[in-house]
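What follows is the residue order along each chain.
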Amino acid sequence: MMCLRPLCLILLASCTVLAGCSRSDALQQILADSELVVVSRNSPTTYYLDKSGAAGFEHDLAQLFADDLGVELQMDTAYSLGGIFRRLNRKEAHIAAAGLSLTNARSAQFAHSMPYANLIPRVIYRTGKRKPSGLDDLQDLQLVVLAGSSHEQTLQDLQAAAWPELTWESVRGADTMELLERVDSGDADIAVIDSNEFRMQHSLYSRLDVAFNLGDEQDMVWYFPPGRAYTTLVERADAFLATILADGRLTKLREEHFGHNTVLSRVGSHVFARNIRGKLPVYRDLIRQVAVEYKLDWHLLAAIAYQESHWDPEATSHTGVRGMMMLTGPTAREMGVKDRLDPLQSLRGGARYLKDMRRRLPADIAEPDRTWMALAAYNMGLAHLEDARALTERRGGDPHVWSDVMENLPLLQKREHYSTTRYGYARGRQAASFVQNIRHYYSILQWKDMSASQPGQPLNPLDFLPEAVRNERFLAL
Ligand code: GLU
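Read on for a plain summary of the structure. (Residues numbered from 1 in each chain as written. Predicted model: local features only at pLDDT ≥ 70, side-chain atom pairs only at ≥ 80, totals over all residues. Heavy atoms only, no water.)

What follows is about the packing of helix 14 (residues 280-293) against helix 17 (residues 343-360). Where helix 14 contacts helix 17, the axes come no closer than 10 Å and their chain directions differ by 35 degrees. For the pair helix 14 and helix 17, the crossing hand works out as right-handed. Seen from helix 14, the contacting residues are Tyr 283, Leu 286, Ile 287, Gln 289, Val 290 and Glu 293; seen from helix 17, they are Pro 343, Leu 344, Leu 347, Arg 348 and Ala 351. Grouping the constituent residues of the contact of helix 14 with helix 17 by class yields eight nonpolar, one polar and two charged. (Axes fitted to C-alpha atoms, helices over the stretch in contact; angles between N-to-C directions. Helix = DSSP H or I, 4+ residues; strand = E, 2+ residues; numbered from the N terminus. Left-handed = near helix turned anticlockwise from the far one by under 90°. Contact = heavy atoms within 4.5 Å. Nonpolar A, V, L, I, M, F, W, Y, C, P; charged D, E, K, R; others polar.)

Here it is as structure tokens:
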């Protein structure tokens, strides 16, 4: 460390001589300041904060680059795609990393890196409605795209070329959830979004599907501010991306974030039924034992473990959560879990964590809503849940009632709402669906047990679903 300081002084001195490092060489400046500033956007495919801290594909990739440079990463967020490029233009960030497609218009203005992923623009519609099969079918439909997106540009080009009748609405924002919601609710007919964005959110909107692809594959790239000062940074970024492409780290990261289907494969009651027969008997006694220790209903603990890992004690996710109860490293440490892959320890850690959440909620939230809210906090962190409750109250709902809070959770993904909260953007829709899924599994497990103890009684599983769950669409993760 000692020898770094004189080096910094020399760099700073030479920067002054050259009238400002930012104008002479951005890479040197980053190294001298020991800080890489990356502008991104909040969305499930790019960057967000969850209970384990900063997460998302773009965050993780930028973190690898910052580590490679040996500097700190500072992630900034813009609220729209236009905002990202405005920041670059003003040189307020060194890199824009936000699931951005390579387009001619953008590359005429900004330098960019080599591609590190590929995207296919998808035309999304709601099943049950007429499925458009090509551009001609889009002319009298209501289309939505993100304002400033590559898809908006594509539509402009198509309109100018041969489809003058094509119209669309450009929605200002940074998260494509808004678009999917519009199509899901029937507010719009079609959304155009990237393949990875749809893949990641499809399970939350099971009625939506791909109609066709709007054009060819696009490259995903980082963009840099304009000017010669950024040339060495671009070169360094390309060298880094080429290295992690060659050594397999990039493929692994892509796989972890976009490639796997473990989340989607949890869907489906037939899989659940199969696991109740095949896997549950192996872990039932262990789950029961821990439930007794922590005074929990064992069906609830079993339902959480199923939602978390499919009762797989060796489950691992890209965000570093592991084990039967998918605990993060810090949570496991806090809960005294030494080996997260040991199912007994994992179940104990999860049970303790849930009880902890339940205890920390305000005293005036009654059961069973208290448990549902504790589960939401278990998934997204207590701070974000408290934001959702405050938002619920402000919007005239009751912050003590789960169904009211659940309705407001997805708003934590919308700028006009999360910009008014204390802890900002959060994957609220996912947290709501996490809780609803557990309630669904919980009811089925209770029903199974009841029907087994009363063999003569014809029982209808629907009778055991809580009213709220029965009336809600099954939100599958
Ligand atoms: N890849 C898109 C772009 O660069 C943003 C994401 C989307 O609109 O689906 O504009």
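That shown, we press on.
Turning to the packing of aromatic side chains, a few remarks are in order. What the rule picks out here adds up to 17 aromatic pairs. Taking 5.5 Å as the distance between ring centres and 40 degrees as the angle between the ring planes, the aromatic pair formed by Phe 65 and Trp 222 counts as tilted. Pair noted here: Phe 65 is in helix 4 (residues 57-69) and Trp 222 is in the loop between strand 13 (218-220) and strand 14 (223-224), with a separation of 157 residues, a long-range link. You can call Trp 222 buried: its relative accessible area is 1%. Feature note: the residues Phe 57, Phe 65, Tyr 116, Trp 222 and Phe 240 constitute an aromatic cluster, connected by ring pairs. When the ring centre of Tyr 205 is taken as reference, the NZ or CZ atom of Arg 429 above it lies at 4.2 Å. (Phe/Tyr/Trp six-rings, centres within 6.5 Å; stacked < 30°, edge-to-face > 60°. Buried < 20%, exposed > 50% of the residue type's maximum accessible area, 1.4 Å probe, protein only. Lys NZ or Arg CZ within 6 Å of the ring centre and 35° of its normal.)

The next thing to look at is the pattern of salt bridges. Opposite charge on two side chains makes pairing possible when the charged atoms of those side chains draw close. On inspection of all chains with the given rule, the structure shows 16 salt bridges. Asp 68 serves as the salt-bridge partner of Arg 236, at 3.5 Å between the closest nitrogen and oxygen. You can see Arg 236 sitting in helix 10 (residues 231-246) and its partner Asp 68 sitting in helix 4, a full 168 residues away along the chain. Looking at Arg 236, the relative accessible area reads 30%, which means it is partly exposed. Taking relative accessible area as the criterion, Asp 68 reaches 39% and is therefore assigned partly exposed. For Arg 360, the salt bridge is made with Asp 356, and the minimal N-O distance between the two is 3.6 Å. Within this pair, Arg 360 and its partner Asp 356 are both found in helix 17, separated by four residues, close to a single helical turn. (Salt bridge = Lys/Arg side-chain N within 4 Å of Asp/Glu carboxyl O.)

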